[in-house]
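# Fold and contact review
Listed below, chain by chain, are the residues.
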2 protein chains.
Amino acid sequence: MQEPTFLILTALAAQPLHGYGIIQSVITLSEGEVKLRPGTLYGALDRLAEQGLIEVEREEAVEGRLRRYYRLTDDGASALATEAERLRRRAAAAEAQLKDRAVPGFGHRAPGVA
Amino acid sequence: MQEPTFLILTALAAQPLHGYGIIQSVITLSEGEVKLRPGTLYGALDRLAEQGLIEVEREEAVEGRLRRYYRLTDDGASALATEAERLRRRAAAAEAQLKDRAVPGFGHRAPGVA
DNA sequence: ACGTCATATAACGTCAACCGTACTATCCGG
DNA sequence: CCGGATAGTACGGTTGACGTTATATGACGT
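The shown structure was predicted, so the numbers you read here are calculated from the model rather than taken from an experiment. (Residues numbered from 1 in each chain as written. Chains lettered and ligands numbered in written order. Predicted model: local features only at pLDDT ≥ 70, side-chain atom pairs only at ≥ 80, totals over all residues. Heavy atoms only, no water.)

### A look at the interface of chain B and chain A
- If you look at the interface, chain B gives 35 residues, while chain A gives 35 residues.
- Around 2900 Å² of area is buried between chain B and chain A when both sides are counted, 53% of it from carbon and sulfur atoms.
- Three residues, Arg90, Gln97 and Arg101 of chain B, lead the burial of chain B against chain A; their summed loss comes to 22% of the area buried on that side.
- Between the two partners, chain B and chain A, sit 16 salt bridges.
- For the salt bridge of Arg101 of chain A with Asp74 of chain B, the shortest nitrogen-to-oxygen distance reads 2.9 Å.
- The tally of links between chain B and chain A comes to 18 residue pairs in polar contact (both at pLDDT 80 or more).
- Looking at the side of chain B that touches chain A, the element that brings in the most residues is helix α4 (residues 74-99) of chain B, giving 17 residues. (Contact = heavy atoms within 4.5 Å. Buried area = accessible area lost by both parts, 1.4 Å probe. Salt bridge = Lys/Arg side-chain N within 4 Å of Asp/Glu carboxyl O. Polar contact = N/O pair within 3.5 Å; in protein donor to acceptor, adjacent residues only side chain to side chain. Helix = DSSP H or I, 4+ residues; strand = E, 2+ residues; numbered from the N terminus.)

Written out as structure tokens, the structure reads:
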């Protein structure tokens, strides 16, 4: 699962949102790092709905414009939880390996050995 | 950055490895979840070397077979550290949002409000 | 009145990256 | 002699994200 997809699921985890609301939420959640483009968002939304991770909650017509609200399904929630867990383990593994990084000019032994 | 790429950098963080060694290391680091295929590995290796995140440390000929050892550069190490940090924040955001998840049959108020 | 921005979705085409598979080659064990 | 582990190369396919453009309306400024 890619970052944009992960962040869309994250945005929908707390409450149902429509497309544009997801874009705003993702900006907040990613601390401004990720600004979804329409092409990325609606493509991902279609894929996620097909996979059953999200579903259309309702369609609202506000001032002539259609608002389609998406909701995370139970499958989507558990997929997101699994993925979050995976990310934490990957980050921990990387940080552990970096700690073992060979220090230049330091005779190297097995890690953790004095 | 994708998962295979991240795991390759992780594998190289502790010490230089050759292609096949990276495959083995990634299996261990990912607890058996990720088994790199040659196409994925060598493609990623070329890309990472081009970006300056890894470099060839040395080439060894062992019993007629070439072994190319790759090493993480300083740039690569900081890119990996940055990415690990990002993963931890993404995981934390997802878990926080999931905690706010609307419980069906529970009148919902602002999160954290009694 | 007109332009522009924010809201809101759809529909392109493109590209990077990963994936599977097959191929080459050597050494070892059965 | 064959299969499996080791080690790397080559190639084609698919997915998913990306950028851009089009469409539509309301609000705001000039």
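### Thoughts on the sheet that holds strand β1 (residues 17-18) of chain B
All names here are of chain B.
- As summarised here, the arrangement of the three strands in space is β1-β3-β2, forming an open sheet in which the pairing is antiparallel. Lying at the two open borders of the sheet, with one neighbouring strand each, are β1 and β2 (54-62).
- For β2 and strand β3 (residues 65-72), the ladder comprises eight bridges, and the chain directions are antiparallel. Bridging across to β3, Glu55 finds its partner in Arg71.
- Of the strands in this sheet, β1, β2 and β3 are in contact with helix α1 (residues 3-14), which crosses β3 at around 90°. (Pairing = 2+ DSSP bridges. Axes fitted to C-alpha atoms, helices over the stretch in contact; angles between N-to-C directions.)

### A short note on helix α3 (residues 38-50) of chain B
- Over its 13 residues, α3 of chain B extends 18 Å from the first C-alpha to the last, a length consistent with the 18 Å expected when each residue adds 1.5 Å.
- Phi turns positive, to about 80°, at Gly52 of chain B, one or two residues after α3 of chain B. (Expected span 1.5 Å × (residues − 1).)

### A short note on the protein's contact with DNA strand D
- Among the 20 residues in the neighbourhood of DNA strand D, the closest are listed as Thr5, Arg47 and Arg65 of chain A together with Arg67 and Arg68 of chain B.
- The share of sugar and phosphate among atoms of DNA strand D within 4 Å of the protein is 72%.
- A distance of 2.3 Å separates a phosphate oxygen of DNA strand D from a polar atom in the side chain of Thr5 of chain A.
- The separation between a phosphate oxygen of DNA strand D and a polar side-chain atom of Arg37 of chain A is 3.1 Å.
- Take the surface near DNA strand D: its biggest share by element is four residues, from β3 of chain B.
- Partitioning the surface near DNA strand D into residue classes produces five nonpolar, eight polar and seven charged. (Near = heavy atom within 4 Å. Nonpolar A, V, L, I, M, F, W, Y, C, P; charged D, E, K, R; others polar.)

### Notes on the protein's contact with DNA strand C
- For DNA strand C, the set of nearby residues contains 21 residues, the closest of which are Arg67 and Arg68 of chain A together with Thr5, Arg47 and Arg65 of chain B.
- A share of 75% is what sugar and phosphate atoms reach among the atoms of DNA strand C within 4 Å of the protein.
- For DNA strand C, a phosphate oxygen lies 2.4 Å from a polar atom in the side chain of Thr5 of chain B.
- Contact between DNA strand C and Thr40 of chain B: a phosphate oxygen at 3.1 Å from a side-chain N or O atom of the residue.

### Quick word on the confidence of the model for chain A
- Summary statistics for chain A give a mean pLDDT of 88 and a share of 89% for residues scoring 70 or more.
- Helix α4 (residues 74-99) of chain A holds the highest mean pLDDT among the elements of chain A, 96, whereas strand β2 (residues 54-62) of chain A holds the lowest, 88. (pLDDT = per-residue confidence, 0-100.)

### Focus on the side chain of Thr5 of chain B
- Examined against the element boundaries, Thr5 of chain B turns out to sit in helix α1.
- Discounting residues that sit within four places of it in the chain, Thr5 of chain B has contacts with Ala44, Arg47 and Leu48 of chain B.

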